[in-house]
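Residue strings, one per chain:
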Amino acid sequence: DARVRRVAQVDELRELYRRASHRQNGALDRSPWFWQRAFAPRGVDTFASFVVEEAGHVTGCVSLGRENLGKEDKLLVRNACATTPSALARIAALCGDHRSVTEHIEVCGGAWPRLFDAVPDVLGYEVSYHRTWMLRIVDVVSALCARGYGAASPGELVVAIDDPARTANHGHFRLSLADGVMRVEPAGANSPTLDARLGIAGLAALYTGHRSAFDLMQAGQLSGRDSALETLSHWFSGPAPWCEDYF
């Protein structure tokens, strides 16, 4: 059985947030300041955080608050994470328990329409605010090596990256993926093999999972062999990136 327990310390949310973040693209590695803002936001009444436990393990968490709309309140849902179907169902039930006091639920996060699907008596939802966030890669080698690649197939590509602002990012690089670990080394401008070419902006969109290699090719931001585009799309595939924290 999945049971809900209210928590008083932010530390109980951090480990689950870290584990859940490995399954999505774009989550912020929160500093203490960001955690304080997420755990106790200003201007929100009766804000409380809960964890879901199954067999002694924390498998979900959520923070709930209320915003006064005049005649009624709106339920605010923040910090929602679930690593099992039971945890998601329990979080949805907890939100649904408020339907006798409000008809409005606000969820922050691009990957959480599925929460609405699980909440009882929800007739539909709309996106009230959407803003595409930006990423600037300042160290190509470190960024590519630090990223996770899951179970992506091993392979090797020579990719030319154009970055007029940072010399260290500009040039030909040999990308080698094996056992989920990326190795990057200079390939030299005279390398006989060049599989793909893209700019630093296109690399940022590919790196985050915001665009596939084929999307970037159609937009004129990437060129290369079809086989290389397939490999790049596979390496950097994943859920659409989103970030709950605004900064």
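As shown above, the structure is provided for reference.
Here goes a summary of the coordinates provided. (Residues numbered from 1 in each chain as written. Predicted model: local features only at pLDDT ≥ 70, side-chain atom pairs only at ≥ 80, totals over all residues. Heavy atoms only, no water.)

Assignment of secondary structure puts asparagine 169 in the loop between β6 (155–162) and β7 (171–178). Considering only alpha carbons, one finds asparagine 169 and glycine 209, 40 residues apart in sequence, at a separation of 20 Å. If we skip the residues at most four places from it in the chain, asparagine 169 touches Arg136, Ile137, Val138, Asp139, Val140, Ile161, Asp163 and Ile200. Here the side chain of asparagine 169 touches valine 140 through a polar contact of 2.9 Å, landing on its backbone nitrogen. (Helix = DSSP H or I, 4+ residues; strand = E, 2+ residues; numbered from the N terminus. Contact = heavy atoms within 4.5 Å. Polar contact = N/O pair within 3.5 Å; in protein donor to acceptor, adjacent residues only side chain to side chain.)

What follows covers the side chain of arginine 30. Its location among the elements puts arginine 30 in the loop between α1 (11–21) and α2 (32–39). Residue class for arginine 30 comes out buried when judged on its relative accessible area of 7%. Side-chain polar atoms of arginine 30 contact the side chain of asparagine 79, separated by 3.2 Å. (Buried < 20%, exposed > 50% of the residue type's maximum accessible area, 1.4 Å probe, protein only.)

Glycine aside, the phi torsion of most residues is negative, and most peptide linkages are trans. With phi around 55°, asparagine 79 is a residue other than glycine that occupies positive phi space. Checked against the element boundaries, asparagine 79 lands in strand β4 (residues 73–82). Residue asparagine 79 is classed as buried on the basis of its relative accessible area, which comes to 4%. Even without being a glycine, aspartate 179 presents a positive backbone phi close to 55°.

Core analysis: the largest hydrophobic core is formed by 30 residues, its most contacted members being Leu144, Leu232 and Trp235. The set of elements that each furnish at least two residues to this core consists of α5 (140–146), β6, β7, β8 (181–186), β9 (196–199), α6 (200–207), α7 (213–218) and α8 (226–235). (Core = buried A, V, L, I, M, F, W, Y, C linked by side-chain atoms within 4.5 Å.)

In an α-helix, one turn spans 3.6 residues, which is why side chains three or four residues apart end up on the same side. With twelve residues, helix α3 (residues 85–96) should cover 16 Å at 1.5 Å per step; its first-to-last C-alpha distance of 16 Å lies within 8% of that length. Residues of α3 that are buried include every one of Ala87, Leu88, Ile91, Ala92, Leu94, Cys95 and Gly96, and no others. (Expected span 1.5 Å × (residues − 1).)

Now for the pattern of salt bridges. This structure, assessed with the given rule, holds 14 salt bridges. Between arginine 3 and glutamate 53 there is a salt bridge; the shortest N-O distance is 2.6 Å. You can see arginine 3 sitting in strand β1 (residues 2–7) and its partner glutamate 53 sitting in strand β2 (residues 45–54), a full 50 residues away along the chain. Residue arginine 3 is classed as partly exposed on the basis of its relative accessible area of 48%. Put simply, glutamate 53 and arginine 5 hold a salt bridge, and the shortest N to O gap is 2.9 Å. Pair noted here: glutamate 53 is in strand β2 and arginine 5 is in strand β1, with a separation of 48 residues, a long-range link. Through salt bridges with shared partners, a single ionic network connects Arg3, Arg5, Glu12 and Glu53. (Salt bridge = Lys/Arg side-chain N within 4 Å of Asp/Glu carboxyl O.)

Everything listed here is a matter of geometry and, on its own, says nothing about what the molecule does.
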